[in-house]
Amino acid sequence: MDALDRLAEPGLDLLARVDALLAAGAPEGHRFWPLLRRMRVLPGTAVREFLDLHPAPLTGAGHAVRRLVRGYDDTGAVLAHPVAWSGPAAAAYDEARAALLRHVDEGPESLVGRLESTAGYADALADWVEASRAALARALAEALHSAEAVTVHAATRPGAEAGRSGALAAAEIATRVLGVLGVAYDGAETLLRQWAPSLAETTWRDRTTSVPRYGGTTRIGQ
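This structure is a prediction, so every number in the text was calculated from the model and none was measured.

### Considerations on the overall build of the chain
Helix and strand content of the chain: eight helices and two strands. Helices and strands in the chain line up, N terminus first, as α-α-α-α-α-α-α-α-β-β. Over its C-alpha atoms the chain spans a radius of gyration of 28 Å, topping by over 25% the 17 Å that the globule rule assigns to 222 residues. For the chain, the spread of C-alpha atoms along the three principal axes comes to 95 × 35 × 20 Å. A total of 222 residues make up the chain; the buried ones form 38% of that total. For the chain, the proportion of contacts with a sequence separation of at least 24, taken over those separated by at least 6, is 77%.

### A word on the pattern of salt bridges
Going through the model one piece at a time under the given rule, you end up with seven salt bridges. Between Arg 133 and Asp 5 there is a salt bridge; the shortest N-O distance is 2.9 Å. Within this pair, whereas Arg 133 is found in helix α6 (residues 111-144), its partner Asp 5 is found in helix α1 (residues 3-23), the two being separated by 128 residues in sequence. You can call Arg 133 buried: its relative accessible area is 1%. The class for Asp 5 is partly exposed, based on a relative accessible area of 25%. With a closest N to O distance of 3.1 Å, Glu 172 and Arg 31 form a salt bridge. Separated by 141 residues along the polypeptide, Glu 172 in helix α8 (residues 163-199) and Arg 31 in the loop between α1 and α2 (32-39) bring together distant segments of the chain. Note on Arg 31: relative accessible area 52%, which makes it exposed. Among the charged side chains, a salt-bridge network with shared partners connects Asp 2, Asp 5 and Arg 133.

### Some words on the packing of α1 against α8
Running from N to C, α1 and α8 cross one another at 120°; their axes reach a closest spacing of 9 Å. The pairing of α1 with α8 is recorded here as oblique in orientation. The hand of the α1/α8 crossing is left-handed. Taken together, the residues of α8 that come into contact with α1 (itself represented by Leu 14, Leu 15, Val 18, Leu 21 and Leu 22) are Gly 166, Ala 167, Ala 170, Ala 171, Ile 173, Ala 174 and Val 177. Counted by class, the contact of α1 with α8 contains 11 nonpolar, one polar and no charged residues.

### A few points about the packing of aromatic side chains
Overall, the coordinates contain four aromatic pairs when judged by the stated rule. With a centroid separation of 5.4 Å and 55° between ring planes, the pair formed by Phe 32 and Trp 33 is classed as tilted. A relative accessible area of 1% means that Phe 32 is categorised as buried. Taking the relative accessible area as the measure of exposure, Trp 33 reaches 27% and is therefore partly exposed. Judged by centre distance (6.1 Å) and plane angle (45°), the ring pair of Tyr 121 and Trp 195 falls under tilted. Pair noted here: Tyr 121 is in helix α6 and Trp 195 is in helix α8, with a separation of 74 residues, a long-range link. Since its relative accessible area comes to 16%, Tyr 121 is described here as buried.

### Details of helix α3 (residues 43-50)
Within α3, burial applies to Pro 43, Gly 44, Ala 46, Val 47 and Phe 50. Taken down its axis, α3 places every buried residue within 165° of arc, on the same side.

What counts, and where the lines are drawn
- Per chain, residues are indexed from 1 in the order of the written sequence.
- In view of the model being predicted, local features appear only for residues whose pLDDT reaches at least 70, and side-chain atom pairs are presented and counted only at 80 or more, with totals across whole chains, interfaces and linings using the full set of residues.
- Neither water nor hydrogens contribute to the side-chain values; these are computed over all heavy atoms in the structure.
- Numbering of helices and strands starts at the N terminus; helices are DSSP runs of H or I of at least 4 residues and strands are runs of E of at least 2.
- C-alpha atoms define the radius of gyration, and 2.2 Å times the number of residues to the power 0.38 defines the globule rule.
- Relative accessibility under 20% of the residue-type maximum defines a buried residue, over 50% an exposed one, and the middle range a partly exposed one, all with a 1.4 Å probe and only protein chains included.
- Note on definitions: a residue-residue contact is assigned when non-hydrogen atoms from the two residues lie within 4.5 Å.
- The term salt bridge refers to a side-chain nitrogen of Lys or Arg lying within 4 Å of a carboxyl oxygen of Asp or Glu.
- Helix axes are fitted only over the stretch in contact, all axes being lines through C-alpha atoms; the angle between N-to-C directions runs from 0 to 180 degrees.
- An angle counts as roughly parallel when it lies under 35 degrees, as roughly antiparallel when it exceeds 145, as roughly perpendicular when it falls between 65 and 115, and as oblique in every other case.
- Put simply, a crossing is left-handed when the front helix is turned counterclockwise from the back one by less than a right angle, and right-handed when it is turned clockwise.
- Gly is placed with the polar residues, together with every amino acid not listed as nonpolar (Ala, Val, Leu, Ile, Met, Phe, Trp, Tyr, Cys and Pro) or charged (Asp, Glu, Lys and Arg).
- Think of it this way: a Phe, Tyr or Trp ring, Trp meaning its six-membered ring, pairs with another when their centres are within 6.5 Å, and the plane angle makes it stacked under 30 degrees, edge-to-face over 60, tilted otherwise.
- Within this analysis, the arc is defined by the directions that extend from the helix axis to the C-beta atoms.

Given below as structure tokens:
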């Protein structure tokens, strides 16, 4: 359990009140409006959905992918041994063996390269989730201890009139929370752009391979 989990219950209670006040309207021209148009969600709903994001599953996924690399390493070790015979069949086999070895484990576009990139992306996402949850926890802690929170609670008591002060306080809290979430989502999009080239599907890079046949050699893949 991290700081965000510990703040979830009081934070969601406050944000439910904030959402209720904002559903009735927010001050015109407030900086909350551009954030709402961008995020398209009220802060209570946004935080409730973000609470389901945890770094541990992503870290575990990275470890699982790296365990797969060991199997490819074993395959590469077998392919690294050249053939012990000669002739057209041996030459064709050796060519195919070398091509397969390159495909399995040579450079970032190989199978091993793509696995390592996938594991790295999972680790980067786990770090992003952890940092984003910490930032959101700080924003909620500040909101819970703010004068605006006192105003929001007063404005949402049974029989109370929300008034302009309640709407303004709700908009201020919403701006803080949605601002943090906006930065978090920008970070996620940046990660995807950075890692996308390394996560693309790998393809067979050797376009031709010689295979023996009676009367000579033919080439496939052309």
